[in-house]
Amino acid sequence: MKHEESAAPHPAAPDPVDARLGSRLAELRAEHGWSLGELAERSGVSRSTLSRAERAETSPTAALLNRLCNVYGRTMSQLLSEVEAEPAPVLRAAEQQVWEDRASGFVRRSVSPPHGGLRGELVEGRLSAGADIAYDRPPVPGLEQHIWVLDGSLAVTAEGAEQLLDVGDCLRLRVWGPTRFRCAGPGETRYVLAVVRP
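Residues numbered from 1 in each chain as written. Predicted model: local features only at pLDDT ≥ 70, side-chain atom pairs only at ≥ 80, totals over all residues. Heavy atoms only, no water.

**Quick notes on the overall build of the protein**
Put simply, the rule reads: Helix numbers and strand numbers start at the N terminus; a helix is a DSSP run of H or I with at least 4 residues, a strand a run of E with at least 2. For every residue, the accessible area (1.4 Å probe, protein chains only) is compared with the maximum for its type, and the residue is labelled buried under 20%, exposed over 50%, or partly exposed between those bounds. Note on definitions: a residue-residue contact is assigned when non-hydrogen atoms from the two residues lie within 4.5 Å.
A tally of regular secondary structure across the protein gives five helices and ten strands. Taken over 198 residues, the protein has a buried fraction of 43%. In the protein, the proportion of contacts linking residues at least 24 apart, taken out of those at least 6 apart, comes to 65%.

Following this line, the structure appears as structure tokens:
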């Protein structure tokens with residue numbers, strides 16, 4: 001009697017953005033000449049998590065990308081723009097890069113046309129009800145941020161102080177340490193984040 005082995009299901013193909021992002025992360029590590037172990041020490045992220053992100057076996061979280069951006073000295077928008085094709089002076093709404101951190105309920109839209117040589121950029125952020133994201137460090141120390149709330153309420157914590165922002169409110173800050181973005185209302189929060197590199 002012939003024993004039949006059940007075929008293992010094939011893993012789903014990685015998301016194309018995650019695949020390009022993983023390749024870029026691997027390139028950046030190679031450009032710096034770091035092993036996974038060295039990058040793990042510098043970023044505080046485990047080797048296995050870094051390896052899975054580089055191979056696009058997992059979709060990286062906002063907190064993970066933030067730590068890697070800090071190590072590589074770039075903003076998240078810069079990193080995400082590096083996995084895009086040709087930059088253009090006009091970026092139509094349908095072409096804007098949208099990235100979702102499903103684990104935390106955070107959706108990030110890169111509104112500005114990507115360009116590595118510019119210091120400023122616009123990002124639209126959306127936090128689902130109850131979403132709470134903590135960053136242990138800025139992607140670039142001294143990064144200037146302007147946060148303008150379009151819908152809902154947003155609580156932003158920086159330098160140990162929490163600011164509650166409602167529709168139309170705008171907060172300006174320089175980011176040197178940990179920050180936290182929390183949806184403070186019963187519904188989704190939508191805001192514009194203007195980022196200016198030092």
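Anyway, onward from the coordinates.
**Section: the sheet that holds strand β1 (residues 98-101)**
To keep it simple, the criterion reads: Pairing between two strands is assigned when DSSP locates at least 2 bridges connecting them. Where helices are involved, their axes are fitted lines through C-alpha atoms of the stretch in contact, as for all axes, and angles between N-to-C directions lie from 0 to 180°.
Taken together, the six strands give an open sheet; going across it, the order is β1-β2-β3-β10-β5-β8, and neighbouring strands pair in antiparallel fashion. Both outer strands of the open sheet, β1 and β8 (170-175), are each paired with one neighbouring strand and no more. For this sheet, the mean inter-axis angle between neighbouring strands, taken without regard to orientation, is 25 degrees. Where strand β2 (residues 106-110) meets strand β3 (residues 120-127), five bridges bridge the pair, whose relative direction is antiparallel. By the bridge assignment, arginine 108 is partnered in β3 with glycine 125.

**Concerning the side chain of glutamate 54**
Rules: Whenever two N or O atoms come within 3.5 Å, that pair is a polar contact, provided that in protein one can donate a hydrogen and the other can accept it, and provided that, for residues adjacent in sequence, both atoms are side-chain atoms.
As for its position among the elements, glutamate 54 is in helix α3 (residues 47-54). At 2.7 Å, the side chain of glutamate 54 forms a polar contact with the side chain of arginine 29. Not counting residues up to four positions away in its chain, the partners in contact with glutamate 54 are Gly22, Ser23, Leu25, Ala26, Arg29, Leu36 and Leu39.

**Digging into the sheet that holds strand β9 (residues 179-183)**
Ordered in space as β4-β9-β6-β7, the four strands form an open sheet in which the pairing is antiparallel. What marks the edges here is a single partner per strand, and that holds for β4 (132-135) and β7 (161-165). If you compare each strand with its neighbour and ignore which way they point, the axes differ by 15 degrees on average.

**Comments concerning the packing of aromatic side chains**
Put simply, the rule reads: Each Phe, Tyr or Trp ring, with Trp reduced to its six-membered ring, pairs with another whose centre is within 6.5 Å; inter-plane angles below 30 degrees give stacked pairs, above 60 give edge-to-face pairs, and intermediate values give tilted ones.
This structure, assessed with the given rule, holds three aromatic pairs. Their ring planes at 15 degrees and their centres at 5.8 Å tell us that tryptophan 34 and tyrosine 72 sit as a pair that is stacked. One end of the pair, tryptophan 34, is in the loop between α1 (16-32) and α2 (36-43); the other, tyrosine 72, is in helix α4 (residues 62-72), and 38 residues separate them in sequence. Considered together, tryptophan 34 and tyrosine 72 belong to a single accessibility category, that of buried residues. Geometrically, the ring pair formed by tyrosine 135 and phenylalanine 181 is edge-to-face, given 6.2 Å between the ring centres and 80 degrees between the ring planes. Here the residue tyrosine 135 occupies a position in strand β4, and phenylalanine 181 occupies one in strand β9, the gap between them amounting to 46 residues. Each member of the pair tyrosine 135 and phenylalanine 181 is classed as buried. An aromatic cluster is present here, built from Tyr135, Phe181 and Tyr191 joined pairwise through their rings.

**Some thoughts on unusual backbone geometry**
One non-glycine residue with positive phi stands out, namely alanine 56, at about 60 degrees. Checked against the element boundaries, alanine 56 lands in the loop between α3 and α4. Assessed through its relative accessible area of 13%, alanine 56 is described here as buried. At glutamate 159, a residue that is not glycine, the phi angle is positive and equals roughly 55 degrees. Here glutamate 159 shows up in the loop between β6 (154-158) and β7.

**Some thoughts on the pattern of salt bridges**
The following threshold applies: Within this document, salt bridges are pairs made up of a side-chain nitrogen of Lys or Arg and a carboxyl oxygen of Asp or Glu, the two lying within 4 Å of each other.
If you walk through the whole model with that rule in mind, you get 13 salt bridges. Across the salt bridge formed by glutamate 27 and arginine 24, the nearest N and O atoms sit 3.1 Å from each other. Remark: arginine 24 and glutamate 27 occur in helix α1; sequence separation between them is three residues, near one turn of the helix. According to the relative accessible area criterion, glutamate 27 is partly exposed, its value standing at 40%.

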